[in-house]
Amino acid sequence: MLQFEELKLRLIAHEEELANLADALGLEKMKSEIASLEEQQAAEGFWDDIQNSQKVLQRTSVLKNKVSAYERLKADYEDALVMIELADEEENESLVDECTQGVNKFEKDLDSQTLATLLTG
């Protein structure tokens, strides 16, 4: 159906922007830093220095939240794409609104994360 095809093309048009967001966030570097911080937390004597341990925990939390937000966004993209493809395959017109809402939500969230990333550097 034409409506599903248009939604799919609209969604796929954001694929590069989604990948660029991962690069802008430094996603792989963040994951590596999380692993390093978690190693520090597991080290003997880590909790002896309260001030340092709090900084490490805060940094870990901030990084995990950023990674989680991106992964949710990517999952929303994939879920919307699968839903569009399934609805189109079944020719189920009743799902057009739901698919449109999924694409709209993804686009809004992508814009928000991109803006937040640009503002925070």
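Residues numbered from 1 in each chain as written. Predicted model: local features only at pLDDT ≥ 70, side-chain atom pairs only at ≥ 80, totals over all residues. Heavy atoms only, no water.

## Some points on the confidence of the model for the protein chain
The predicted coordinates should not be examined in detail at positions where pLDDT is low.
Inference 1: Overall, the prediction assigns the protein chain a mean pLDDT of 95, with 99% of residues at 70 or greater.
Inference 2: Looking across the protein chain, the model is least confident in helix 5 (residues 96–120), with a mean pLDDT of 94, and most confident in helix 3 (residues 27–42), with 97. (pLDDT = per-residue confidence, 0-100. Helix = DSSP H or I, 4+ residues; strand = E, 2+ residues; numbered from the N terminus.)

## What to know about the packing of aromatic side chains
Inference 1: In the structure shown here, the tally under the stated rule is two aromatic pairs.
Inference 2: When the centroid spacing of 4.8 Å and the interplanar angle of 85° are considered together, the rings of phenylalanine 46 and tryptophan 47 count as edge-to-face.
Inference 3: Ring geometry for tyrosine 77 and phenylalanine 106: centres 5.4 Å apart, planes at 55°, overall tilted. Of this pair, tyrosine 77 sits in helix 4 (residues 50–90) while phenylalanine 106 sits in helix 5, and the two are 29 residues apart along the sequence.
Inference 4: Given the relative accessible area of 6%, tyrosine 77 is considered buried.
Inference 5: For phenylalanine 106, a relative accessible area of 0% puts it in the buried group. (Phe/Tyr/Trp six-rings, centres within 6.5 Å; stacked < 30°, edge-to-face > 60°. Buried < 20%, exposed > 50% of the residue type's maximum accessible area, 1.4 Å probe, protein only.)

## Details of the packing of helix 2 (residues 15–25) against helix 4
Inference 1: Two elements in contact, helix 2 and helix 4, have axes separated by 11 Å at closest approach and are oriented at 170°. Considered as vectors, helix 2 and helix 4 are oriented roughly antiparallel to each other. Contacts between helix 2 and helix 4 involve Glu15, Leu18, Ala19, Leu21, Ala22 and Leu25 from the former and Tyr70, Leu73, Lys74 and Tyr77 from the latter.
Inference 2: Counted by class, the contact of helix 2 with helix 4 contains eight nonpolar, no polar and two charged residues. (Axes fitted to C-alpha atoms, helices over the stretch in contact; angles between N-to-C directions. Parallel < 35°, antiparallel > 145°, perpendicular 65-115°, else oblique. Contact = heavy atoms within 4.5 Å. Nonpolar A, V, L, I, M, F, W, Y, C, P; charged D, E, K, R; others polar.)

## With respect to the pattern of salt bridges
Inference 1: What the rule picks out here adds up to seven salt bridges.
Inference 2: Linking glutamate 38 and lysine 64 is a salt bridge whose minimum nitrogen-to-oxygen distance equals 2.7 Å. Taken together, the residues glutamate 38 in helix 3 and lysine 64 in helix 4 connect sequence positions 26 residues apart.
Inference 3: Owing to a relative accessible area of 34%, glutamate 38 belongs among the partly exposed residues under this scheme.
Inference 4: Across the pair aspartate 76 and lysine 105 runs a salt bridge, and its minimum N-O distance is 3.4 Å. On the criterion of sequence distance, the pair formed by aspartate 76 in helix 4 and lysine 105 in helix 5 is long-range, its members being 29 residues apart.
Inference 5: Overall, the relative accessible area of 26% leaves aspartate 76 in the partly exposed class.
Inference 6: You can call lysine 105 partly exposed: its relative accessible area is 46%.
Inference 7: Taken together, the shared-partner salt bridges connect Asp76, Lys105 and Asp109 into one network. (Salt bridge = Lys/Arg side-chain N within 4 Å of Asp/Glu carboxyl O.)

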